Amino acid sequence: MRISTGAATDSSKRTPKTSIFVIRNFFAPTRIMNKTLQIIFNLYSRFVLFFVRRSLIRAGNEKLYTELLNRLNKNYFLTPSLKWFQKYYYSYKRDESRKLKEAEEVLTALNLNLAGAPVLEIGPANGYFLDVCMKHGAKSAGFIDIDPYFYYYLKVKGYKEGILGNHWKAVHKLKGQKYSLIYSKGAMIVDDLLMRRERSFAMMSEWLSALEKATVNGGVIVICPHWRDVPASAKRQYTGNILENDFVKFILEKGYSPLKFIEGHNIEPNYPVTFWKRV
Ligand SMILES: C[S@@+](CC[C@H](N)C(=O)[O-])C[C@H]1O[C@@H](n2cnc3c(N)ncnc32)[C@H](O)[C@@H]1O
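All values derive from a computational prediction rather than experimental measurement.

Some points on helix 6 (residues 148-157)
Line of reasoning, step 1. Among all positions in helix 6, only Y149, F150, Y151, Y152, Y153 and L154 are buried.
Line of reasoning, step 2. Positive phi appears at G158, one or two residues downstream of helix 6, with a value of about 120°.

Here it is, written out as structure tokens:
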């Protein structure tokens with residue numbers, strides 16, 4: 001049974017001013033929290049930038065830093081990508097010589113002559129593969145990357161033909177450009193694709209068609225997917241003979257073949273196999 005205390009106020013007697021006061025105060029904690037998060041985020045960015053700047057200056061790369069920063073600052077919404085800076089820049093920088101050697105070995109395995117060839121990389125990160133292609137005489141190097149940091153980093157590095165976006169959609173915006181080599185390593189996760197296989201395979205069919213349209217006659221497409229993001233889910237998806245996996249069956253049916261295993265490029269368990277096709 002409810003007992004009336006008689007203290008309840010009649011809401012109809014509230015003046016509009018009171019309700020505005022009530023509404024404002026209702027949202028006040030959210031505003032305070034937003035402001036606090038903004039301040040924390042700002043401090044965090046400054047903290048990250050301090051170290052980024054220090055190490056770039058030490059590496060004699062102040063110009064790159066200033067230019068990168070200018071571009072990021074002009075796009076306020078991009079600043080969160082700074083948090084990736086440490087994660088990616090440092091880990092890739094640490095790996096630089098290994099990645100350059102890996103790219104050389106992939107090109108040797110493909111036995112391609114890149115002199116004067118236009119190349120496209122999907123998911124280039126720091127662009128070491130593109131660097132090696134240019135060293136081998138490629139005419140131009142285009143790229144698609146979803147990460148604003150890598151996008152601007154590559155632009156600053158001198159790769160002007162870039163698309164910032166999700167490659168699943170961006171490949172349909174290639175607007176008639178043709179490439180002799182399209183290379184993608186690590187920009188798709190097999191586990192994710194297998195989770196929604198019908199939809200994923202339909203999307204990937206269109207994606208592969210777009211890539212083929214963008215390849216010159218006799219050109220080559222190379223795809224090295226990332227397999228395991230979460231070891232537990234990977235165990236479920238990827239057991240037994242890799243060639244019996246549904247993703248592999250799908251890509252083989254599309255006319256791709258496994259490239260020979262390349263030490264340092266095909267790393268178990270993340271990158272067990274690379275597929276390639278001559279168009
Ligand atoms: C694991 S890294 C591999 C980098 C490089 N290919 C290599 O072999 O070192 C994956 C790269 O793909 C990009 N990427 C991942 N998903 C993507 C997507 N849906 N669209 C475009 N780029 C994507 C990431 O930003 C990153 O640069």
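So that's the structure; there's more coming.
Concerning the nonpolar core
Line of reasoning, step 1. Core analysis: the biggest nonpolar cluster contains 39 residues, and V119 and I182 have the highest contact counts within it.
Line of reasoning, step 2. For this core, the elements supplying multiple residues, two or more each, are helix 4 (96-110), strand 1 (118-122), helix 5 (128-135), strand 2 (140-145), helix 6, strand 4 (179-189), helix 9 (197-213) and strand 5 (215-226).
Line of reasoning, step 3. In contact with V119, other than residues within four places in its own chain, are L114, L130, C133, A138, A141, Y179, S180 and L181.
Line of reasoning, step 4. V190, L194, W227 and V248 belong to the second-largest nonpolar core, a separate cluster that totals 6 residues.

Examining the site of the ligand
Line of reasoning, step 1. Near the ligand there are 15 residues, and of these G123, A125, I146, D147 and G186 occur at the shortest range.
Line of reasoning, step 2. The set of elements that each furnish at least two residues to the shell around the ligand consists of strand 2, helix 7 (167-170) and strand 4.
Line of reasoning, step 3. For the shell around the ligand, a count of residues per class yields 7 nonpolar, 4 polar and 4 charged.

Points about the sheet that holds strand 1
Line of reasoning, step 1. The 7 strands are arranged 3-2-1-4-5-7-6 in an open sheet whose pairing can be described as mixed. Strands with a single pairing partner mark the edges of an open sheet, and in this sheet they are strand 3 (162-164) and strand 6 (257-258).
Line of reasoning, step 2. When strand 5 meets strand 7 (residues 275-278), the two strands line up antiparallel, connected through 4 bridges. If you follow I221 over to strand 7, its bridge partner there is K277.
Line of reasoning, step 3. Lying over the sheet, helix 6 contacts strand 2 and strand 3, oriented at roughly 160° with respect to strand 3.

Parameters and conventions
- Residues numbered from 1 in each chain as written.
- Predicted model: local features only at pLDDT ≥ 70, side-chain atom pairs only at ≥ 80, totals over all residues.
- Buried ≥ 20, exposed ≤ 12 C-beta atoms within 10 Å, placed from the backbone.
- Helix = DSSP H or I, 4+ residues; strand = E, 2+ residues; numbered from the N terminus.
- Core = buried A, V, L, I, M, F, W, Y, C linked by C-beta atoms within 7 Å.
- Contact = placed C-beta atoms within 7 Å.
- Near = placed C-beta within 6 Å.
- Nonpolar A, V, L, I, M, F, W, Y, C, P; charged D, E, K, R; others polar.
- Pairing = 2+ DSSP bridges.
- Axes fitted to C-alpha atoms, helices over the stretch in contact; angles between N-to-C directions.

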